[in-house]
Amino acid sequence: MNTDNTMDKRQQDAAYAMIRSGKPMDQILKEFSVSDEEFTEWIRDGRFTEYAAALARGFAEANAPYVWTSLLRETQEGSIPAIKLYFEIWNKNRGTSAESAVGPCSSLTAVREKIFGSGEEE
């Protein structure tokens, strides 16, 4: 086991491949010649999982502008689910709910039920 706080290049490359390649984990482990026992040790040690999680978070944050652009494009095109998601996020960030911000009126409730259903099991 590695006793300092660094990971070797193979561990870093395997983590990168798990995040970016889209290949199944067992295929990646085979490509990097990592046995089940060795991978279990990487997981138990904790540094590998911390590194892989940080790497995944970093790539997710780097993609956030593209996700927001796509969501805004969908709202501009009139997608009801996209508009609903946008306002749920917006109201959550403001600390309010959609109902308290807009106030449910009977006509809004009727439209909501027509589009999304009553929310009750039938």
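Predicted model only: the values in this text are computed from it and were never measured.

Cut-off values and rules
- Residues numbered from 1 in each chain as written.
- Predicted model: local features only at pLDDT ≥ 70, side-chain atom pairs only at ≥ 80, totals over all residues.
- Heavy atoms only, no water.
- Helix = DSSP H or I, 4+ residues; strand = E, 2+ residues; numbered from the N terminus.
- Contact = heavy atoms within 4.5 Å.
- Areas by Shrake-Rupley, 256 points an atom, 1.4 Å probe, with all protein chains shown as cover.
- Axes fitted to C-alpha atoms, helices over the stretch in contact; angles between N-to-C directions.
- Parallel < 35°, antiparallel > 145°, perpendicular 65-115°, else oblique.
- Nonpolar A, V, L, I, M, F, W, Y, C, P; charged D, E, K, R; others polar.
- Phe/Tyr/Trp six-rings, centres within 6.5 Å; stacked < 30°, edge-to-face > 60°.
- Buried < 20%, exposed > 50% of the residue type's maximum accessible area, 1.4 Å probe, protein only.
- Core = buried A, V, L, I, M, F, W, Y, C linked by side-chain atoms within 4.5 Å.
- Patch = residues over 30% accessible without salt bridge, like charges linked within 9 Å, V, L, I, M, F, W, Y side chains within 5 Å.
- Salt bridge = Lys/Arg side-chain N within 4 Å of Asp/Glu carboxyl O.

Caption draft 1: Quick peek at the overall build of the protein. Looking only at helices and strands, the protein has seven helices and zero strands in total. Ordering the α and β elements of the protein from the N terminus gives α-α-α-α-α-α-α. In the protein, of all internal contacts separated by at least 6 residues, the share reaching a separation of at least 24 is 49%. Accessible surface, the protein: about 9200 Å² in total, of which carbon and sulfur atoms supply 54%.

Caption draft 2: Expanded view of the packing of helix H3 (residues 36–45) against helix H4 (residues 47–76). Remark: H3 packs on H4, axes separated minimally by 4 Å, with the N-to-C direction vectors making an angle of 80°. By the angle between their directions, the pair H3 and H4 is classed as roughly perpendicular. Contacts between H3 and H4 involve Phe39, Trp42, Ile43 and Asp45 on the former and, on the latter, Arg47, Phe48 and Thr49. Its residues placed into classes, the contact of H3 with H4 shows four nonpolar, one polar and two charged.

Caption draft 3: Local environment of the packing of aromatic side chains. Counted according to the given criterion, the structure contains six aromatic pairs. A ring pair is formed by Tyr16 and Phe59, whose centres lie 6.0 Å apart and whose planes are at 65°; its orientation type is edge-to-face. Of this pair, Tyr16 sits in helix H1 (residues 9–20) while Phe59 is found in helix H4, placing the two residues 43 residues apart along the sequence. The class of Phe59 is partly exposed, set by a relative accessible area of 23%. Here Phe39 and Trp42 contribute two aromatic rings whose centre-to-centre distance is 6.2 Å and whose plane-to-plane angle is 65°, an arrangement assigned as edge-to-face.

Caption draft 4: The arrangement of the nonpolar core in detail. One finds Met7, Ala14, Ala15, Leu29, Val34, Phe39, Trp42, Phe48 and Ala52 forming the largest nonpolar core, which totals nine residues. Among the elements of the structure, H1, H3 and H4 are those that each provide at least two residues to this core. Residues within four places of Ala15 in sequence aside, it is in contact with Phe48, Tyr51, Ala52 and Leu55.

Caption draft 5: View of a nonpolar patch on the surface. Together, Ile80, Ile115 and Phe116 make up an exposed nonpolar region whose accessible area comes to about 260 Å². One can find Phe116 in helix H7 (residues 106–116). Phe116 gets classed as partly exposed once you look at its relative accessible area, which sits at 40%.

Caption draft 6: Main features of the packing of H1 against H3. Taken N-terminus to C-terminus, the directions of H1 and H3 make an angle of 90°; their axes are 13 Å apart at the nearest point. In terms of orientation, H1 lies roughly perpendicular with respect to H3. Mapping the contact onto sequence places Arg10, Gln11, Ala14 and Met18 in H1 and Glu38, Phe39 and Trp42 in H3. The residue makeup of the contact of H1 with H3, split by class, is four nonpolar, one polar and two charged.

That's the geometry; what it means functionally is another story.
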